[in-house]
Amino acid sequence: QVQLVESGGGEVQAGGSLTLSCAASKTIWEINDMGWYRRTLGKQRELVATMTSTFSAVYGDSVKGRFSISRDNDKNTVTLRMNDLKPEDTGVYSCHARIVRTYEADEYWGQGTQVTVSS
């Protein structure tokens, strides 16, 4: 079991920046993918950004060029830096971790943190 605790959500004006952090309850060296998904108004949950254990990053199309993900395996954390925020970025951001095992994958989710971008 892995517990994920998010921090850093809040409210910001359009064009501003926020940084989200996700701390895992155990070492993330064994976590294959770790990152962020979000649920925005009227949309299904979508990928924001994730980073593999080899530090390869994948971003959702709507955040490319604006958001940046980093991963610190020594501190068991993943950080999402969000720049040039837009009102459509408003939503609940959830930390996600995936551990790939021999025949299956275990997935874990944080509680979510609210991000509100005002125009």
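One structure accompanies this document, and this report is about it. Sequence order as written defines the numbering, with residues in each chain counted from 1. Note on the predicted model: pLDDT of at least 70 is required for a residue's local features to be given, and 80 or more for side-chain atom pairs to be given and counted; whole-chain, interface and lining totals, by contrast, use all residues. With hydrogens and water set aside, each side-chain value is computed from the structure's full complement of heavy atoms.

### Brief notes about the side chain of H96
Inference 1: Comment: elements are numbered from the N terminus, with helices defined as DSSP H or I runs of at least four residues and strands as E runs of at least two. Within the fold, H96 resides in strand 9 (residues 91-100).
Inference 2: Three exposure classes are used, based on accessible area relative to the maximum for each residue type with a 1.4 Å probe and protein chains only: buried under 20%, partly exposed in between, and exposed over 50%. Overall, H96 belongs to the buried group, its relative accessible area being 3%.
Inference 3: The contact definition used throughout considers only heavy atoms, calling two residues in contact when any of these lie within 4.5 Å. Aside from chain neighbours lying at most four places away, what touches H96 is L4, D33, M34, G35, Y37, E107, Y108 and W109.

### Quick word on the nonpolar core
Inference 1: To define a nonpolar core, start from buried Ala, Val, Leu, Ile, Met, Phe, Trp, Tyr and Cys residues and group those joined through side-chain atoms within 4.5 Å. One finds L4, M34, W36, L80, M82 and Y93 to be the most contacted residues of the largest nonpolar core, which totals 28 residues.
Inference 2: Looking at this core, the elements with two or more residues in it are strand 3 (18-24), strand 4 (33-40), strand 5 (46-52), strand 7 (67-72), strand 8 (77-82), strand 9 and strand 11 (113-118).
Inference 3: Excluding anything up to four places from it in sequence, L80 contacts L18, T19, L20, W36, V48, A49, F67, S68, I69 and Y93.

Keep in mind these numbers describe shape, not what the thing actually does.
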